[in-house]
Amino acid sequence: MEDVLPLAGLRIIEFGYFVAGPLTGKLFADFGAEVIVIENEDYLRTHQSSRQPGLGATDLTSLNQGNMFNRYGTNKLSLTLNLKQPRAVELIKQLVAQSDIVMDNFTPHVMESYGLTYEDLIKIKPDIIVLNMPTMGKKSIYEHHRAESWNLLAMAGINYMSGSEDSIPICPSVFSHPDVSCNPFHAMISLLSALHYRELTGKGQHIELSQFESTVCFTGTGVFDFLVNNRTPERTGNRSQHAAPHGVYRCAGEDKWCAVTVFDDDQWKALCLVMGREDLITDETFGTLLSRLSNVQALDQIVAGWTCQRPPEEVMETLQAVGIAAGKVQNVAELIESDPQLRERGYWVPIDHPETGKAHGEGWGFEFIDGPKALNRPAPLLGEHSDHVLQTILKLTEEEVSQLIGDGVIG
Amino acid sequence: MSDISNGPLQGLRVLDLADEKAAYCTKLFANLGADVIKIEPPGGDPSRKIGPFVKDDQHGNKSLHWLHYNTNKRSITLNLQTTDGKHLLRKLSDNADIIVETFAPGVMEEMGIGWEVLSKSNPRLIMASITPFGHKGPWKNYKTSDLVSVALGGLLSTCGWPDRAPEKVGGPQAPQAYHMAAVQAAVGTLVALYERSKTRRGRHIDISIHASVPVNLMISVPIYERTGEIKKREGDKHSDAGHGIFACKDGYIDFRLRFQKWNKFVEWLDKDGKAGELKEEKWKDIWFRKEPENVRTIDKHFREFLLMHTKQELYVDGQKRGFEIAPVNTVQEVTESVQLRERRYFIPQEHPELGRTLEYLGAPFRMSLTPWKIGKTAPLAGQHNREVYQETGLNQTELTALTQAGII
């Protein structure tokens, strides 16, 4: 039974670009579904896309060395079609007739222009599940607006919820965080939920995920506090309003830091003992939570005075040994080369791509205990599976395929 | 019984033994129509103490955390430290589809209510166990907080200003590591649920909060692998022209210039006479534009142009011209967004006990047949003890005895 992957037997047609759509499709591909990515070479050569050669590319004319495409395209199939040709749209429809899910993350008018909206597709397969992931969503003032996911963070108020009062609201992270968190994961949840409902009732449905709305859903009680109490959350950086010390402290070495968060009296006492400052346990200025919160700057200096003499690993191990949540700030190199938990878990999936070589593929936060692991085939080369899809799935003959290539339908 | 629900997960029963680390997971299940039973200790769940509170009234039913994450759930109280309590949990588990729990690794086993025991009795059970670092490995017994998780998981290293400590995304009220672990848990659970429809068996799923964070590193992984460069926090520095947060007349905008939009970009600046030298042919070359000195030049022209206009003007005009641009909204502006309001994204809920209506965050996605719904407001502690326990076969006398003995 372990040989059968949980999502085996499902077929998904993916019109995804950049990250949010493709990462959604990757879940299904990694766990056994057949995910067919529809691509077009002309479009890819003239527009920014995840197939553009990325940093480290050895061939700037190749569309198979895009870092983003390769990262999120694992285990998928690639079919190239020119959707401006009616015959290509016909072929998609034939594929839909044998598929479970069609998904895209375009602005709304794109699928409309191809005649591939939900209303079009249910005529072909009444129980089809269709997911659109536009920026905004239909029937709204800004329906046709576009966004990269940094824009989403900005619109959702997250920039203003991050950082400290004394600095401008910068983009909180170098990378476009909603693309890999709220948006694709909400999308996966929506599709899996729809599949469950279909198993029960035989019915498919239409899912619309507004990426803006999905991002706002990750604001926890920040935006909610304004709705309820008319109050804007203070920008307190790494501090907490109910715990101290709670922050990121400099350690020995170049740009080395450790997060330390103390939540109760026992942990405070343990920290004092470890720092050799028993006097602070009952000290007037720091002995109680309230006193620590009102003297937080001085407190942080004391803690930093201790941490700065030690490498972050030592701070983390020493504090964890006495029951305090502490964790060093790790960068990408450390996560790949030396993180023992990720290694133990097999988080980095070994991928070998024909053009870009060996890579640490993206893993998942969940794993099935004594269960199946994600597959590790590399992302497809452009059009790699066109023949397979057209001949094996759609049963076209070689001659028909040649004709389509000649007519510019495939490519 | 709970209100009639028509979400996609209708008919599923979930036992919620999760704390704040996975609260968003069980919230999603509840809002998608599952019957989620929140199991609280007899004194009430500790998360009822998490602030802020409605009008700063620190009462157990006024915690915004409690209200937000526990919509559409039923609540029972149960003392799992007692023999009767564990016995009752086993009974509840026999009729459950999913259990979501955040106990430290091994704790449920020690209590005699671990996976082995529960799944033997209910082979269809799916158990999602969320822990800071997973159920095995050298750090498995380590403690965490959201800040510690984003630090260890790599996200923090790319956040904030280079000259000071990195600063986490979202501040204290939007714990991103916990949200990410929660959605990973939901995904893993729903994959197992789909599998169960074929195999008729459940699964035990291990979700590590730590392992839920690295996906945020995105292309810094291949960049590191292929060039050795370690991407770090950049503050407001822009590595590409027209790519980042920029000040404008009344605040900030976020702008991301795609290479194929260069000509339109120059046109845009030119309408206010700010294009200058950028109109020259050489600037059309994408590699020329990437040179650091030229990035600065382009940004300089852009900044002058932007300071002449408000967020809203730039947003509407920029979008009309096909740019990826957004206003950097304050939290207030999010709640006043014409876009969100027109879509009725915020959902009003009556709170008779407060004498007012509160607005909640709305759906992360819209399903045509089986919509996400807020449903009921968050329950009182043990509000559904009678109906839930009677389903397990307890009669009123037994219920009273257990309540008095502090087991319920």
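Okay, so let's go over this structure. (Residues numbered from 1 in each chain as written. Chains lettered and ligands numbered in written order. Predicted model: local features only at pLDDT ≥ 70, side-chain atom pairs only at ≥ 80, totals over all residues.)

## A look at the overall build of chain A
On a plain count of helices and strands, chain A comes out with 19 helices and twelve strands. Dimensions along the principal axes, computed over C-alpha positions, put chain A at roughly 85 × 45 × 45 Å. Each of the 411 residues in chain A was classed as buried or not, and the buried ones make up 55%. If you take every contact in chain A between residues at least 6 apart in sequence, the share linking residues at least 24 apart comes to 67%. (Helix = DSSP H or I, 4+ residues; strand = E, 2+ residues; numbered from the N terminus. Buried ≥ 20, exposed ≤ 12 C-beta atoms within 10 Å, placed from the backbone. Contact = placed C-beta atoms within 7 Å.)

## Here's the deal with the nonpolar core
Of all hydrophobic cores here, the largest spans 229 residues; its most connected members are Ala185(B), Val187(B) and Ile253(B). Examining the composition of this core, we find that 14 residues originate from one element, helix H7 (residues 176-199) of chain B, more than from any other. (Core = buried A, V, L, I, M, F, W, Y, C linked by C-beta atoms within 7 Å.)

## As for the packing of helix H1 (residues 23-31) of chain B against H7(B)
Residue and element names in this part refer to chain B. The N-to-C vectors of H1 and H7 enclose an angle of 45°; their axes lie 7 Å apart at closest approach. Taken as axis vectors, H1 and H7 run oblique relative to one another. Of the two elements, H1 crosses H7, and the hand of that crossing is right-handed. Where H1 abuts H7, its residues Ala 23, Tyr 24, Cys 25 and Leu 28 lie against Tyr 178, His 179, Ala 182, Val 183, Ala 185 and Ala 186. Of the residues belonging to the contact of H1 with H7, the class tally is nine nonpolar, one polar and no charged. (Axes fitted to C-alpha atoms, helices over the stretch in contact; angles between N-to-C directions. Parallel < 35°, antiparallel > 145°, perpendicular 65-115°, else oblique. Left-handed = near helix turned anticlockwise from the far one by under 90°. Nonpolar A, V, L, I, M, F, W, Y, C, P; charged D, E, K, R; others polar.)

## Focus: the interface of chain B and chain A
If you look at the interface, chain B gives 131 residues, while chain A gives 129 residues. Per-element accounting of the side of chain B that touches chain A gives the leading share, 18 residues, to H7(B). Looking at side-chain class alone, the side of chain B that touches chain A contains 69 nonpolar, 39 polar and 23 charged residues.

## Re the pairing of strand E2 (residues 34-39) of chain A
All names here are of chain A. Among the six residues of E2, six are classified as buried, and the element is accordingly described as predominantly covered. The side-chain alternation of E2 yields two buried faces, one formed by Glu 34, Ile 36 and Ile 38 and the other by Val 35, Val 37 and Glu 39. Of the strand pairs in this sheet, strand E1 (residues 11-15) and E2 are connected by four bridges, and their pairing is parallel. In the sheet register, Glu 14 faces E2, and the bridge partner there is Val 37. For the crossover that starts at E1, traverses helix H1 (residues 20-30) and ends in the parallel E2, the hand is right-handed. Across four bridges, the pairing between E2 and strand E3 (residues 77-80) is parallel. Of the residues in E3, the one forming a bridge with Ile 38 is Leu 79. (Pairing = 2+ DSSP bridges. Right-handed = clockwise from strand over helix to strand, strands pointing away.)

## Describing the sheet that holds strand E9 (residues 324-327) of chain B
All names here are of chain B. Reading across from one edge, E7-E8-E9 is the order of the three strands in this open sheet, with antiparallel pairing throughout. Each edge of the open sheet is held by one strand with a lone partner, namely strand E7 (243-248) and E9. Along the sheet, successive strands turn relative to each other by an average axial angle of 25°, direction set aside. Taken together, the six bridges between E7 and strand E8 (residues 251-256) define a ladder with antiparallel strand orientation. Bridge assignment links Ile 245 to a residue of E8, and that residue is Asp 254. Strands in contact with helix H11 (residues 292-306) are E7 and E8; relative to E7, the strand with the most contacts, it is inclined by about 40°. Sitting on the sheet, helix H12 (residues 311-320) touches E7, E8 and E9, and the angle it makes with E9 is about 155°.

## A word on unusual backbone geometry
Here the residue pair Ala244(A) and Pro245(A) is connected by a cis peptide bond, since its omega of -5° sits within 30 degrees of zero. Position of Pro245(A) among the secondary structure elements: in the loop between helix H11 (222-229) and strand E7 (246-250). Here the amide bond leading from Gly51(B) into Pro52(B) is cis, since omega sits at 0°, within 30 degrees of zero. When you line up the elements, Pro52(B) lands in the loop between strand E2 (35-40) and helix H2 (64-69). Positive phi outside glycine occurs at Asn75(A), with the angle close to 65°. Mapped onto the elements of the fold, Asn75(A) is located in the loop between helix H3 (67-72) and E3. Non-glycine residue Met218(B) carries a positive phi angle of around 50°. As for its placement among the helices and strands, Met218(B) is situated in the loop between strand E6 (204-208) and helix H8 (220-227). Since 26 C-beta atoms lie within 10 Å of it, Met218(B) is described here as buried.

## Focus on the sheet that holds strand E4 (residues 98-101) of chain B
The strand order across the open sheet built from seven strands is E12(A)-E6(B)-E5(B)-E4(B)-E1(B)-E2(B)-E3(B), with neighbouring strands paired in mixed fashion. Edge positions in the open sheet fall to strand E12 (366-368) of chain A together with strand E3 (73-77) of chain B, since each of these has one partner strand only. Geometrically, the sheet is characterised by an average inter-axis angle of 20° between neighbouring strands, direction not taken into account. Both E2(B) and E3(B) contribute to a ladder of five bridges, which runs parallel. Each residue of the ladder has a partner; that of Ile37(B), found in E3(B), is Arg74(B). Along the sheet, H7(B) contacts E12 of chain A together with E4, strand E5 (126-131) and E6 of chain B; its crossing angle with E5(B), the most-contacted strand, is approximately 160°.

## Section: the environment of Arg235(A)
Looking at the element boundaries, Arg235(A) is found in the loop between H11 and E7. Counting along the chain gives 66 residues from Arg235(A) to Pro169(A), while the straight-line C-alpha distance between them is 9.6 Å. The residues touching Arg235(A), leaving out its near neighbours within four places in the chain, are Gly163(A), Ser164(A), Glu165(A) and Gly171(B).

## Focus: the packing of H1(A) against helix H9 (residues 182-201) of chain A
Residues and elements named next belong to chain A. Packing of H1 against H9 leaves a shortest axis separation of 8 Å and a crossing angle of 45°. Of the possible angle classes, the one that applies to H1 and H9 is oblique. The interaxial crossing formed by H1 with H9 has right-handed handedness. Contact with H1, carried on its side by Ala 20, Leu 23, Thr 24 and Leu 27, involves Asn 183, Pro 184, Ala 187 and Met 188 of H9 and no other residues of that element.

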